[in-house]
Each structure stands twice: as structure tokens, then as C-alpha cells.
Amino acid sequence: MKLTPLTANTFASDGGAMFGLVPKGIWHRFCTANDQNLIPQRANAWLIECDDGKKGLLETGCGDPDWFSDRERTHHQLEETWLLPQSLEKLGVSFEAIDFIILSHAHWDHAGGLMDNDGNPTFPNAEIFLREDEVNCVQSDDPLLFKSYPPKIQETFEKLADRIFPVPDEEPEFLPGIYLLPAQGHTEGQAGIFFTETEISGLEGVKTSALFTGDNCPTQHHLRMVLQTAYDTYPLKTRAWKREWFPRIAKDGVLLLFTHDPEAYGAWIDADEKKEYVIKEIYTGNE
Ligand SMILES: [Zn+2]
């Protein structure tokens, strides 16, 4: 198996919202905000090339910016073009060639690329995999989750219902070597996507396990327990998840894959007495 990083979109988020309870006096030391307090973000995605020739995408990003209202585009400083198609084209991969899509969760900046502006599936041959709990959350009509799963995401899930395959926790290995594991916190149904052994584009000869954590650890600056986004639906679960997983990630040399880091696609981390966890080796991709 081989993973190749892709930039799906670039956008910006409120710096305070990205670091939750931590005051700006601290987070501005490692993240520079603009005059509107926005910090740069990427919607990162990955091309997955399986040993049997199947091709998949991990995440679709925000999708075509035309999806969004002018207000939303301005608010998120969304680039005018959806970068994912260009990134795939550079690799010679067509939309038709994508056999499956994995989503960590169904927020707009992860699932936004599933459907095109005409209401058709962007990737016509792709089956879509998420944790069963996340599909249930999208379909729950829970008014408290209105902001998490707005009408356009619900509409996407209705239109693509026959292509969406909920992955139950009892059988998390939905493809050989790829697991969808519970990573609650940012959302109730979020998945951590674990690859038991994969090559990484640009790193010759390296075979590593890798874990995509969705928004439980969106950037290289979210390694400390308390550094978590204000968008987390269940903040303490995010911390509990980090407490459970980070020791293993550090000890076993798992490559941590970042969903929104504007500079890095991933990193290997080390435990640290003072700072909890620190970057051991950063992976910035080969773009
Ligand atoms: Zn996100």
C-alpha cells in the first residue's frame, strides 16, 4: 500500500476556535494570526493505492468553493478553486479511477467534495466508508447537531445513500490493512483511520504504520492534551482519546497524519517530560 498526500483546499479558521481554551497569549507563539484573527489551514487528503490495484481517497476536503455562499467563502477565506482535482490530475488519477473514499467524519471541510454542484457524485465509481456512528449522527436530525451537519451535508448523504457503507466497530478492518477505529471527541462518530503498514510518497524504502486522527489532532500544534479545537462536540473525549493513543503512537513509531496543518502532512512524535509530546520528524510531503 502507498499513501500520497494531497491538498484538497486551503482556507482559514479563527485562531481562538482552533485552540479552544488556550489563550491567544500562548497559541500566538507558534501560530501567527492575521488582522482578523484567522490562521491558515489546509484540508489535507491522501491518495491510497492498495496492493490489489484499488485506489482510494482519504477525505475530500471542502469541495468546490461554488458550493458555499459568498458569506461563507469570505468567512473561511476559501480559495477560489478546489485544489483536489488538480492534485489528482498531477498524479494522473481521474475521478473515475477512485474506487473508495474514507471520511474521518462528515463535517463540511471533510465531506464537502463528495457531491458536485449539480448534485451528482463527484467520484462516480466510489464507495464511501465512515464509522457507523457518524452516519447515524448525520441522519439523526438532532437539532443540537444542526451546525455540525448542515442541510447540504444531509442532502449529500440522502443523495448518495446507496454508496455509503457504515463501518461497524465490531469489524473495523474494512479493507486489508485499513481500520476505521473510534476516535470520539471532535464528533461522536469520528474515526481514526489506521494503516498497519504503508509506503509514504517521497520517502523511499520507508514502511510505516500511520494514523489519521481527523480533528482530534488537526495540526502539529495540537499535540498537548489541552490544545484542542473549540469545534469539538465532546472535548473531554478528545483528551481521553489522545491520552489513550499518543503513548502508543510515540512508542510504536506510528506516523501521525494531520488533517489541517498548512505546512505538514504528518509527523512521528516522541513523548516529552515537559511538553507531553514533541515532533521527532516532520513529513511535509513532496509537492
Ligand atoms: Zn476539520
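Structure: see above.
In short, a report on the structure. Numbering of residues starts from 1 in each chain and follows the order in which that chain's sequence is written. For this predicted model, a pLDDT threshold of at least 70 governs which residues receive local features, and a threshold of 80 or more governs which side-chain atom pairs are given and counted, while totals over whole chains, interfaces and linings are taken from all residues.

## A look at the pairing of strand S9 (residues 191-200)
Step number 1: For S9, a buried count of seven out of 10 residues is recorded, marking the element as mostly surrounded by other parts of the structure.
Step number 2: Summarising the sheet, strand S1 (residues 2-14) and S9 pair through two bridges and their orientation is parallel. The residue bridging Leu-3 from the neighbouring strand is Ile-200, located in S9.
Step number 3: Being paired, for any two strands, means DSSP has found at least two bridges between them. Per the convention used, a helix needs a DSSP run of H or I reaching at least four residues, while a strand needs a run of E reaching at least two, with both numbered from the N terminus. Pairing between strand S8 (residues 178-182) and S9: five bridges, direction antiparallel. Paired with Tyr-179 across the strands is Phe-194, a residue of S9.
Step number 4: Where S9 meets strand S10 (residues 203-212), six bridges bridge the pair, whose relative direction is antiparallel. Paired with Ile-193 across the strands is Phe-212, a residue of S10.
Step number 5: Between S9 and S10, which pair antiparallel and follow one another directly, the connecting turn spans two residues, one of which, Gly-202, has a positive phi of 90°. Whether a residue is buried, exposed or partly exposed follows from its count of other C-beta atoms within 10 Å of its own C-beta, namely 20 or more, 12 or fewer, or something in between, respectively; the C-beta atoms are built from the backbone.

## Quick look at unusual backbone geometry
Step number 1: A positive phi angle, near 70°, is found at Asn-37, a position not held by glycine.
Step number 2: Positive phi, normally seen in glycine, also occurs at Glu-276, with a value near 75°.
Step number 3: Residue Glu-276 is classed as partly exposed on the basis of its C-beta count, with 17 C-beta atoms lying within 10 Å.

## Some thoughts on the pairing of strand S12 (residues 266-272)
Step number 1: Here strand S11 (residues 255-257) pairs with S12 via two bridges, running antiparallel. Paired with Leu-256 across the two strands is Ala-267, which belongs to S12.
Step number 2: Looking at chain direction, S12 and strand S13 (residues 276-283) are connected through seven bridges and run antiparallel. Looking at the pairing, Gly-266 lines up with Tyr-283 of S13.

Fair warning: the whole summary comes from geometry, so function is off the table for now.
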